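Letter by letter, the chains look like this.
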Amino acid sequence: MSPSDCSPTATAPKNGARSFAANPRQVGWQTAMKRAIRSQSELRRLLGLAADPQAERAEAFSTFVPLELVSRITPGDPNDPILRQVLATADELAERPGFVSDPVGDLPAQRGGGLLHKYDGRALIVTHGACAVHCRYCFRREFPYLENGSRKQSWAPALQYIQDDESIEEVLLSGGDPLTLTDDVLAELIDRIEAIAHVRRLRIHTRLPIAIPQRVTAELVDRLDHSRLAVWVVVHSNHAQEIDFHVVAALDRLRRAGISVLNQAVLLAGVNDSVDALANLSLKLVDSGVVPYYLHQLDRVRGAGHFWVDIERGKQLLEQLRARLPGYAVPKYVIEQAGENSKTPIA
């Protein structure tokens, strides 16, 4: 189903983008995935922005933006901090030294069945190539999911690898986004991980509670709540504008079940490269009971160079955050470097 087939997106409404998305309580998450915007031209039309045929050439990395997220964008504002994350520009076509297809060394870390093993004690399963939103700075925008990503029928090699390595105590589910799996399929995968005796912790990295908050279903929360594993959900929000009432409610459903929720953000030029933006994000998170965990220096993936913020500028921002916020609200500023055995702290 194309976006133009969906009645909420047929014409740009007079009240702007905030009226595009129906109440998330009334629209199931799978319906939300189906009706998401899938072209830059449609995204620009809905938000009252001029067409940009040159920028549309950047759609080699495809567009996917759920209406729930579009509803938080200010129509007609090309500098909106959410829009900046999902709007293709001609800048993506520029070749920049040091920006490559696999900036964090995922491919050398593959061990079969979508499993990546980089760090001691932890292993990551790339569960699926589908995601809640296609962020233009995504470090896996060129990841060969069809050849290397895991799917339900091919999880066996990843699970066998974890079974055979008793040093692995923590399993991370990533993607894509693991919450694009249905509750039944995800529960089956968790069952199989729980059956490995030496695994103690499960970490789920997901953008869905931010982009499509209704994905946090009662069934999902119940399954995580009843896991024998210590469960951590790591969400991804870069700006306070992303966190509306429905997102707060979704995060609260997880927290009330005793599930620890952390946030990872990426430092992005034109999105959150100011102390006000970062402070507002951290305060919105802690007020929602979410720990601001990491602030990542941008991974140098090809096509994302225009989002780069100088590291010295990043250090200054962290110093200013420490002066303004309580310590628990200040994220760790880190960079991931291919071949290293952990994230590298910057400041």
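The model shown is predicted, which means the values in this text are computed figures rather than measured ones. (Residues numbered from 1 in each chain as written. Predicted model: local features only at pLDDT ≥ 70, side-chain atom pairs only at ≥ 80, totals over all residues. Heavy atoms only, no water.)

### Focus: the overall build of the protein
Helix and strand counts for the protein stand at 13 helices and nine strands. Taking 20 Å as the expected radius of gyration for a compact globule of 347 residues, we find that the protein reaches 19 Å, a close match to that expectation. Once the C-alpha set of the protein is aligned to its principal axes, its extents read approximately 55 × 45 × 40 Å. A buried classification covers 56% of the 347 residues belonging to the protein. Of the contacts made within the protein by residues no fewer than 6 positions apart, 81% connect residues no fewer than 24 positions apart. Here the protein displays about 14,600 Å² of accessible surface, and carbon together with sulfur accounts for 49% of that area. Here the protein carries 40 positive and 42 negative side-chain charges, and the mean point of each set is 3 Å from the other. (Helix = DSSP H or I, 4+ residues; strand = E, 2+ residues; numbered from the N terminus. Rg over C-alpha atoms; globule rule 2.2 N^0.38 Å. Buried < 20%, exposed > 50% of the residue type's maximum accessible area, 1.4 Å probe, protein only. Contact = heavy atoms within 4.5 Å. Areas by Shrake-Rupley, 256 points an atom, 1.4 Å probe, with all protein chains shown as cover. Lys, Arg positive; Asp, Glu negative; His and termini not counted. Charge placed at Lys NZ, Arg CZ, Asp CG, Glu CD.)

### Quick look at the packing of helix α12 (residues 275-287) against helix α13 (residues 311-324)
The geometry of a pair of packed helices is captured by two quantities: the angle between their axes and the separation between those axes. Packing of α12 against α13 leaves a shortest axis separation of 10 Å and a crossing angle of 50°. Taken together, the axes of α12 and α13 lie oblique to each other. Note on packing geometry: the crossing formed by α12 with α13 is right-handed. Between α12 and α13, the contacting residues are Val275, Asp276, Leu278 and Ala279 on the first element and Leu317, Gln320, Leu321 and Arg324 on the second. Its residues placed into classes, the contact of α12 with α13 shows five nonpolar, one polar and two charged. (Axes fitted to C-alpha atoms, helices over the stretch in contact; angles between N-to-C directions. Parallel < 35°, antiparallel > 145°, perpendicular 65-115°, else oblique. Left-handed = near helix turned anticlockwise from the far one by under 90°. Nonpolar A, V, L, I, M, F, W, Y, C, P; charged D, E, K, R; others polar.)

### A look at the pattern of salt bridges
Taken as a whole and assessed by the stated rule, the structure comprises 22 salt bridges. Here Asp106 ties to Lys118 by a salt bridge, and the two come within 2.8 Å at their closest N and O atoms. Of this pair, Asp106 sits in the loop between α5 (83-86) and β1 (115-116) while Lys118 sits in the loop between β1 and β2 (122-126); the two residues are 12 residues apart in sequence, bridging distant segments of the chain. Exposure remark for Asp106: the relative accessible area of 2% places this residue in the buried category. When its relative accessible area of 25% is taken as the criterion, Lys118 is described as partly exposed. (Salt bridge = Lys/Arg side-chain N within 4 Å of Asp/Glu carboxyl O.)

### Describing the environment of Leu262
Here Leu262 shows up in strand β6 (residues 260-266). Once the C-alpha coordinates of Leu262 and Val290 are considered, the two residues, 28 residues apart in sequence, prove to be 5.4 Å apart. Setting aside residues up to four positions removed in sequence, Leu262 forms contacts with Trp232, Val233, Val234, Val235, Val290, Val291 and Tyr293.

### Notes on the packing of aromatic side chains
Evaluation of the coordinates by the stated rule reveals three aromatic pairs. Look at Tyr293 and Tyr294: their rings are 4.0 Å apart centre to centre, the planes differ by 15°, and that puts the pair in the stacked class. Of the two residues, Tyr293 and Tyr294, both sit in the buried class. Stacked on the ring of Trp29, the Lys or Arg Arg215 has its end atom at 4.2 Å from the ring centre. Directly above the ring of Trp308 sits Arg300, whose terminal nitrogen or CZ lies 4.1 Å from the centroid. (Phe/Tyr/Trp six-rings, centres within 6.5 Å; stacked < 30°, edge-to-face > 60°. Lys NZ or Arg CZ within 6 Å of the ring centre and 35° of its normal.)

### Details of the pairing of strand β5 (residues 230-236)
Across the seven residues of β5, five count as buried, placing the element largely inside the fold. Summarising the sheet, β5 and β6 pair through five bridges and their orientation is parallel. Each bridged residue has a counterpart across the sheet, and for Trp232 the counterpart in β6 is Ser260. In this fold, the crossover linking β5 to β6 by way of helix α11 (residues 245-256) has right-handed handedness. (Pairing = 2+ DSSP bridges. Right-handed = clockwise from strand over helix to strand, strands pointing away.)

### A few points about α13
Look at α13: 20 Å from first C-alpha to last across 14 residues, which is about the 20 Å you get at 1.5 Å a residue. Looking at α13, one finds that the buried residues are Gly314, Leu317, Leu318 and Leu321. One face of α13 carries all of its buried residues, which in axial projection span an arc of 100°. When the buried face of α13 is taken as reference, the exposed residues oriented beyond 90 degrees from it are Glu319 and Ala323. Its buried side turned inward, α13 meets α12, β7 (291-296) and β8 (332-335). The backbone nitrogen of Glu312 has a side-chain oxygen 2.9 Å away, supplied by the residue at the start of α13, namely Asp310. (Expected span 1.5 Å × (residues − 1). Arc of directions from axis to C-beta. Polar contact = N/O pair within 3.5 Å; in protein donor to acceptor, adjacent residues only side chain to side chain.)

### Observations concerning helix α7 (residues 156-164)
Of the residues making up α7, those classed as buried are Ala158, Leu159 and Ile162. When α7 is viewed along its axis, its buried side chains cluster within an angular range of 95° and face the same direction. Packing partners of the buried residues in α7 comprise β1, β2, β3 (170-174) and α8 (183-194).

### Things to note about the confidence of the model for the protein
Atom-level detail of predicted coordinates should not be read off regions where pLDDT is low. Within the protein, residue pLDDT values average 90, and 91% of them lie at 70 or more. The low-confidence segment residues 1-17, where pLDDT is below 50, has 32 contacts with residues more than four positions distant or belonging to other chains. (pLDDT = per-residue confidence, 0-100.)

### A closer look at the sheet that holds β8
Within a beta sheet, neighbouring strands are joined by backbone hydrogen bonds and run either parallel or antiparallel to one another. The sheet built from nine strands is open, its strands ordered β1-β2-β3-β4-β5-β6-β7-β8-β9 with mixed pairing. The sheet is open, and its two edges are formed by β1 and β9 (344-345), each paired on a single side. Two elements, β7 and β8, share three bridges in a ladder whose sense is parallel. By the bridge assignment for β8, Leu295 is matched with Tyr333.

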